Amino acid sequence: INPANPDASVDSIFRMVDYGHQSILDMVPVAMFIDDISIWLAYYIWSLCPTAGGQESSTRYIKISPDSVISPEILGIPTEQIGEWGKLVDRAFESYSTALNFWEAIAKKNPEVTKIPSSLFAENSESTRKKVGRMLRNYAFDRARYFLPLAAATNIMLSMSARGWVQLCQYLLSSPLTEPKLLGEKIKQELSLSTSRMLKHAVEKTSIVQGLQKEFK
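Residues numbered from 1 in each chain as written. Predicted model: local features only at pLDDT ≥ 70, side-chain atom pairs only at ≥ 80, totals over all residues. Heavy atoms only, no water.

Colleague: Hey, could you run me through a nonpolar patch on the surface in this one?
Modeller: The grouping of Trp40, Tyr43, Leu150 and Leu177 at the surface amounts to a nonpolar patch, some 350 Å² of accessible area in total. Its location among the elements puts Leu177 in the loop between helix H7 (162-173) and helix H8 (178-191). (Patch = residues over 30% accessible without salt bridge, like charges linked within 9 Å, V, L, I, M, F, W, Y side chains within 5 Å. Areas by Shrake-Rupley, 256 points an atom, 1.4 Å probe, with all protein chains shown as cover. Salt bridge = Lys/Arg side-chain N within 4 Å of Asp/Glu carboxyl O. Helix = DSSP H or I, 4+ residues; strand = E, 2+ residues; numbered from the N terminus.)

Colleague: What am I meant to see in helix H2 (residues 39-48) here?
Modeller: All buried positions along H2 are accounted for by Ile39, Leu41, Ala42, Tyr44 and Ile45. At its buried positions, H2 is contacted by strand S1 (29-38), strand S2 (53-56), strand S3 (153-161), H7, H8 and helix H9 (206-216). (Buried < 20%, exposed > 50% of the residue type's maximum accessible area, 1.4 Å probe, protein only. Contact = heavy atoms within 4.5 Å.)

Colleague: When you look at the packing of H2 against H7 in this model, what are you seeing that I'm missing?
Modeller: Between two packed helices, what matters for the description is the angle formed by their axes and the separation of those axes. In the contact formed by H2 and H7, the axes pass within 10 Å of each other and the chain directions differ by 130°. When the axis of H2 is compared with that of H7, the two are oblique. Judged by the twist between their axes, the crossing of H2 over H7 is right-handed. Contacts between H2 and H7 pair Leu41, Tyr44, Ile45 and Leu48 from the former with Leu168, Tyr171 and Leu172 from the latter. Looking at side-chain class alone, the contact of H2 with H7 contains 7 nonpolar, no polar and no charged residues. (Axes fitted to C-alpha atoms, helices over the stretch in contact; angles between N-to-C directions. Parallel < 35°, antiparallel > 145°, perpendicular 65-115°, else oblique. Left-handed = near helix turned anticlockwise from the far one by under 90°. Nonpolar A, V, L, I, M, F, W, Y, C, P; charged D, E, K, R; others polar.)

Colleague: In this structure, what is going on with unusual backbone geometry? I would like to understand it.
Modeller: Outside of glycine, negative phi angles account for most residues, and trans bonds account for most peptide bonds. If you check the backbone angles, Asp36 has positive phi at about 60° while not being a glycine. Mapping Asp36 onto the fold places it in strand S1. In this structure, Lys115 is a non-glycine residue whose phi angle is positive, near 65°. On the secondary structure map, Lys115 appears in the loop between helix H4 (82-109) and helix H5 (118-122). Taking relative accessible area as the criterion, Lys115 reaches 72% and is therefore assigned exposed.

Colleague: Can you help me understand the pattern of salt bridges in this one?
Modeller: Side chains that differ in charge, positive against negative, can pair when their charged atoms come close. Here the structure, examined in full by the defined rule, presents 5 salt bridges. Between Arg145 and Asp142 there is a salt bridge, with the nearest N and O atoms lying 2.8 Å from each other. According to the relative accessible area criterion, Asp142 is buried, its value standing at 17%. Salt-bridge contacts for Glu204 lead to Lys181; the nearest nitrogen and oxygen are separated by 3.6 Å. One end of the pair, Glu204, is in the loop between H8 and H9; the other, Lys181, is in helix H8, with 23 residues separating them in the sequence. Assessed through its relative accessible area of 30%, Lys181 is described here as partly exposed. When salt bridges with common partners are traced through the structure, they connect Arg60, Asp142, Arg143 and Arg145 into a single cluster.

Colleague: Is there a simple way to think about the nonpolar core in this case?
Modeller: Nonpolar side chains tend to gather and get buried jointly when the protein is soluble and globular. In this structure, Ile37, Ile45, Trp165, Leu168, Leu183, Ile187 and Leu191 are the most contacted members of the largest nonpolar core, which totals 27 residues. Among the elements of the structure, S1, H2, S3, H7, H8 and H9 are those that each provide at least two residues to this core. When residues in this core are grouped by element, the largest group, 7 residues, is from H7. Leave out the neighbours within four places in its chain, and Leu183 touches Ile34, Ile37, Leu41, Ile45 and Leu172. Formed by 18 residues, the second largest nonpolar core is a distinct cluster that contains Ile64, Phe93, Leu148 and Ala153. (Core = buried A, V, L, I, M, F, W, Y, C linked by side-chain atoms within 4.5 Å.)

The structure is reproduced here in structure tokens:
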């Protein structure tokens, strides 16, 4: 160890214990918040990380706006199909809005179907009224969200080992689609803050590329 050059000394110690090995990554917990990705990409990430801890912004409790739709360029929609794609997205949101209005009307007309305790309706405090209003909206959100297009934006929070993040990066960077690739690069930037020596593993993998090509075929 050279006290005059501590950075080089630390690197030499890490090399000696092979700190750059992937197995070390299992001992490095990392949590990340990922905002403004498509609902589809959120589903895809969960399929790749089924044991990760975390949550997605629930469409059961949040009204999703057409303004949140991810741009067709990021989603990789071919230029000649953007017009047709946009019409489908508009139709999906029209159906979503219609369903919301329908179920909100049902909830107001027959509040017993919502399973909200009748005692809450009897209370007249402002906090209780707000709570009941929120529960009535959630009842409608829960039934209308199936019309949402997968291009709408959502947010997720994930907590897993650095090795899990590296493996996720490998899949995202190996994807033929634009949005996963962009997210893979952003995750690498965040990993560089805590596990910079492991970035050499967070790369596109030929085997994954070939596997995805076969799956699509």
